[in-house]
Each structure stands twice: as structure tokens, then as C-alpha cells.
Amino acid sequence: MKVTKAQKIGQKVDPQSLGFGKVFSDHMYLQSFKEGSWQEGEIVPYQNLPLDPAAAVYHYAQCLFEGQKAYWGVDQKIRLFRPDFHSNRMEAGAARMCMPFPGQEQMHEALSELVLIDSDWIPRQKGCSLYLRPTLFASEPFLGVRPAKEYIYMIIASPVGAYYAEGFNPVRIWVEPHYSRSAPGGLGSVKAGANYAMSLMASDSAKKRGYSQVLWLDPLDKDRIEEVGTMNVFFRFKDHVATPALNGSILNGATRDCVLHLLKKWNIRSEERVVRVSEIKAAQKQGDLLEVFGTGTAAVISSVGTLGFEDQEMKIGDGSTGELSKKLFNAITSIQYGESEDSFGWTKILR
Ligand code: COI
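Residues numbered from 1 in each chain as written. Predicted model: local features only at pLDDT ≥ 70, side-chain atom pairs only at ≥ 80, totals over all residues. Heavy atoms only, no water.

Participant: Explain a nonpolar patch on the surface to me, and be specific about the residues and the numbers.
Facilitator: A grouping of Tyr60, Leu143 and Val145 is seen on the molecular surface, where their side chains present a nonpolar patch of about 330 Å² in accessible area. Of note, Val145 is situated in the loop between β8 (129–138) and β9 (151–160). Judged by relative accessible area, which is 71%, Val145 ranks as exposed. (Patch = residues over 30% accessible without salt bridge, like charges linked within 9 Å, V, L, I, M, F, W, Y side chains within 5 Å. Areas by Shrake-Rupley, 256 points an atom, 1.4 Å probe, with all protein chains shown as cover. Salt bridge = Lys/Arg side-chain N within 4 Å of Asp/Glu carboxyl O. Helix = DSSP H or I, 4+ residues; strand = E, 2+ residues; numbered from the N terminus. Buried < 20%, exposed > 50% of the residue type's maximum accessible area, 1.4 Å probe, protein only.)

The following block contains the structure:
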């Protein structure tokens, strides 16, 4: 792989003020698809892309991405978390979006090279990491509506801290009665940029009401729960834990998968099924609803303290971060930072 080193090295940011996705490392990976085949990929200095104004992605949103992380371990080793899960998902997503995919091997090699060349950008503090954003989009200058014939595959890297300003404190969530994130037969199970565009109006109006994000419901059956904000959602009842089953509209999250594996290992009954608003309202009345939390790469576990409905506000448990949320967060992050044994084989040590 060709590597062109950056002449200028960017200023590192104090980990306390990193936030999420504001700062980028010195290099990026770039590869283009033209005339039916992938060109050689290369690592280049982080830079603007020369794109024709007619590039299909600008007009028809043929774009897909991944979000994954590299960690600086307590043992000074550098780990990628769930690289296979992400490359599998990206390959499946590319097929759904009618895009070519450069291949899983290529993706792993590119990620490893980029992380190693920019290893100085991996924050050393626990709670921080290097967020990696593989992105694939249509670059062909053509305004007809059909799958493009030219693409760019790139990976950028951003040192990050907490995703939510609340950190690990519980968030307030608005149960969205009107807007939807995805439709049956749509792109909900794919990490398509378009899903996030679809979500903006709802999350903006939830913020105006004093909530951090929304609880997404099925667009037709408003009693069925799908996701929370940009994350998968879990409900801890007295005798089991439930999460909406993957139905084509829900993203198959890497952290969701980790949680299901950990619950199984700990002999906690978990169910992937339809979860209903009416059910959680009834469970909360009876004192059976103990915790609600979101799972995602960016925030890992995000505890929900309050659910807001048009006619009521519902406090979950005592409104603080639940015991299972904390246990899951600790179990996952201690594997990520090399503090506990990776018995599931989720990490790949790069160096
Ligand atoms: C995640 O939780 O990892 C996400 O997907 C959030 C990202 C879109 C910023």
C-alpha cells in the first residue's frame, strides 16, 4: 500500500475537551473504484477531496459508513474492537446500496495501516479512543438515477471522548410519535447516511423539548419500539432483558451483539423480540421495569433516565444509571482497554 506521509503534524487536543468527532488525525485512507475495478488504495495526508459537483452522492445519497474504534490498552497495546463484525456489516450494507465493496481483507489492512501510522492520535486515557470512520460513496458525475459507476472508499480517524455531553449519566429520551427513522423494506438495517438525515428533524425537535434523543417506533405500528437515537435499545425487566429483534429496519449493532453475548455468559435471560410501548408502560406501573439503555460504538452503553410521552413523563428506576448498565459498560470497556481477558475474541491487537 502506498503511503504519503503528512508534512505537517496536527496539534493534539486535551482528552478532557475532545468530545466526539471534532478533531481528525494526520492521515486518511483513500481508494477509488473506476471502470469496473478497485484502484490501489493509499494512505495520504488528511485532505479535502476533489469531487465533481455532479457526484451522485451529493444528489442521491448513495453513501454508507461504519463506526469502529481503536484503543490504547493499559498494557500499551493497540487494539481494534470487533473489526470482523464491522467489515461484515459494511460488505452487506454495500450490497444493499448497490455499491461495490473493496473486500474485507483490504478493509482490515487499511484500518491497521492507518491506526499504526496515526498511533500518536490514540488517546491514552480510559474513556477515550480513536474513532474510525470507513466510508463508501458514489463519486460518479452523473445525474441519472441508477447505481453509480464510480466510488470512493475512505477511512478517516478521529480521537474521541464521550459521545453524549451527559457522559455516562442517564439521558432524557422523547418517545417520537410522528417522525420515523426507517420504513419496512428500507435502509434501516444498513449504516446509510440517509438514515441519519431522516433522523435529524425528530432529534432536533426532541432537543427543543429538553430531551437528548428520541425513541424510534415502527412507522406503522406506533406501539412497537425500534431504536433509541443512533443506538440499539435494551429493556431490563425483573426477570429478563429484552431488545427489539432485527427485523430489517433495525441496525445490527456491534455493541448490541456484545451485550447479548455477555448476558448469555452471565445466565441472564435475554429475548430478541417485539418490544411494545404499552408493555413497558405497564411494567413501569408494576415496578417491573428496572432499566432502559442504549448500546452503540460511540457511547458504548447509554442509560435512559426518563422517557417523555405526549401525555406523561416516565422515570426509569430511580432515574440514575442502572446496575446492569454499569456492569455491561465495565465488562465491554475492560476488554477494549485490555484490562480483562478477551474470551470472545472481539479484539485484534495491532501492536
Ligand atoms: C454509534 O453509536 O456508534 C453510532 O452509530 C453513532 C454515530 C452515527 C455517531
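Participant: Tell me what's going on with the pairing of strand β13 (residues 232–237), and back it up with residues and numbers.
Facilitator: Taking burial as the measure, the six residues of β13 include six buried ones, the bulk of the element. Residues Asn232, Phe234 and Arg236 line one face of β13 and the alternating positions Val233, Phe235 and Phe237 line the opposite face, and both faces are buried. Note that β13 and strand β16 (residues 289–296) share six bridges and pair antiparallel. The residue bridging Phe237 from the neighbouring strand is Leu289, located in β16. Across two bridges, the pairing between β13 and strand β14 (residues 241–244) is antiparallel. From the neighbouring strand, Arg236 faces β14, where its bridge partner is Val241. What sits between β13 and β14 in their antiparallel hairpin is a turn of three residues. (Pairing = 2+ DSSP bridges.)

Participant: Can you tell me about the pairing of β14, naming the residues and giving the values?
Facilitator: Alternating positions in β14 separate into two faces, Val241 and Thr243 on one and Ala242 and Pro244 on the other, with burial throughout. Relative to strand β15 (residues 270–273), β14 runs parallel, the two being bridged by four bridges. Pairing of Pro244 across the sheet is with Arg273, part of β15. Assessed by its sense of winding, the connection that carries the chain from β14 through helix α5 (residues 254–265) to β15 is right-handed. (Right-handed = clockwise from strand over helix to strand, strands pointing away.)

Participant: Mind laying out the pattern of salt bridges, listing which residues take part and the relevant values?
Facilitator: Counted under the stated rule, the structure contains 17 salt bridges. Glu227 is paired through a salt bridge with Arg181; the nearest N and O atoms lie 3.3 Å apart. Of this pair, Glu227 sits in strand β12 (residues 225–228) while Arg181 sits in the loop between β10 (171–175) and α4 (193–208), placing them 46 residues apart in sequence. Taken individually, Glu227 and Arg181 each receive the classification buried, so the pair is uniform in this respect.

Participant: So what's going on with the nonpolar core? Which residues, and what values?
Facilitator: Ranked by size, the top nonpolar core spans 36 residues in total, and within it Val115 and Leu132 carry the most contacts. Elements that contribute at least two residues to this core include exactly β2 (27–34), β6 (68–72), β7 (78–81), α2 (83–96), α3 (104–117), β8 and β9. Ranked by residue count, the leading element in this core is α3, at five residues. Discounting residues that sit within four places of it in the chain, Val115 has contacts with Ala70, Ile78, Leu80, Ile122, Leu132 and Leu350. Val171, Val233, Val277 and Leu289 belong to the second-largest nonpolar core, a separate cluster that totals 25 residues. (Core = buried A, V, L, I, M, F, W, Y, C linked by side-chain atoms within 4.5 Å. Contact = heavy atoms within 4.5 Å.)

Participant: Can you tell me about the site of the ligand, naming the residues and giving the values?
Facilitator: Close to the ligand lie Phe20, Tyr131, Arg133, Tyr163, Lys191, Tyr196, Thr230, Gly296, Thr297 and Ala298. Alone, the ligand offers 280 Å² of accessible surface; in the complex the protein occludes 92% of this. Looking at the shell around the ligand residue by residue, the class counts come to five nonpolar, three polar and two charged. Formed jointly, the shell around the ligand draws a minimum of three residues from each of two domains, domain 1 (2–161) and domain 2 (171–336). (Near = heavy atom within 4 Å. Nonpolar A, V, L, I, M, F, W, Y, C, P; charged D, E, K, R; others polar. Domains from an automatic or database assignment.)

Participant: Tell me about the packing of aromatic side chains, and please be specific about residues and values.
Facilitator: In total, this model carries 13 aromatic pairs according to the counting rule given. Here Phe33 and Tyr151 contribute two aromatic rings whose centre-to-centre distance is 6.1 Å and whose plane-to-plane angle is 65 degrees, an arrangement assigned as edge-to-face. Here Tyr151 lies in strand β9 and Phe33 lies in strand β2, a separation of 118 residues in the sequence. With a relative accessible area of 1%, Tyr151 lands in the buried category. An angle of 80 degrees between the planes, with centres 5.0 Å apart, marks the rings of Tyr71 and Tyr337 as edge-to-face. (Phe/Tyr/Trp six-rings, centres within 6.5 Å; stacked < 30°, edge-to-face > 60°.)

Participant: So what's going on with the domain arrangement of the protein chain? Which residues, and what values?
Facilitator: Under the domain assignment used here, the protein chain contains domain 1 (2–161) and domain 2 (171–336). Using C-alpha coordinates to define each centre, domain 1 is positioned 27 Å away from domain 2. With 21 residues of domain 1 at the contact, the number on the domain 2 side is 22 residues. Both sides of the domain 1 and domain 2 interface together cover about 1800 Å² of buried area, and 63% of this is carbon and sulfur. Where domain 1 meets domain 2, there are one salt bridge. Note that Arg82 is salt-bridged to Asp257, the shortest N-O span being 2.8 Å. Applying the counting rule to domain 1 against domain 2 returns nine residue pairs in polar contact (both at pLDDT 80 or more). Mapped onto the side of domain 1 that touches domain 2, the elements with two or more residues apiece are β5 (63–65), β6, β7 and α2. (Buried area = accessible area lost by both parts, 1.4 Å probe. Polar contact = N/O pair within 3.5 Å; in protein donor to acceptor, adjacent residues only side chain to side chain.)

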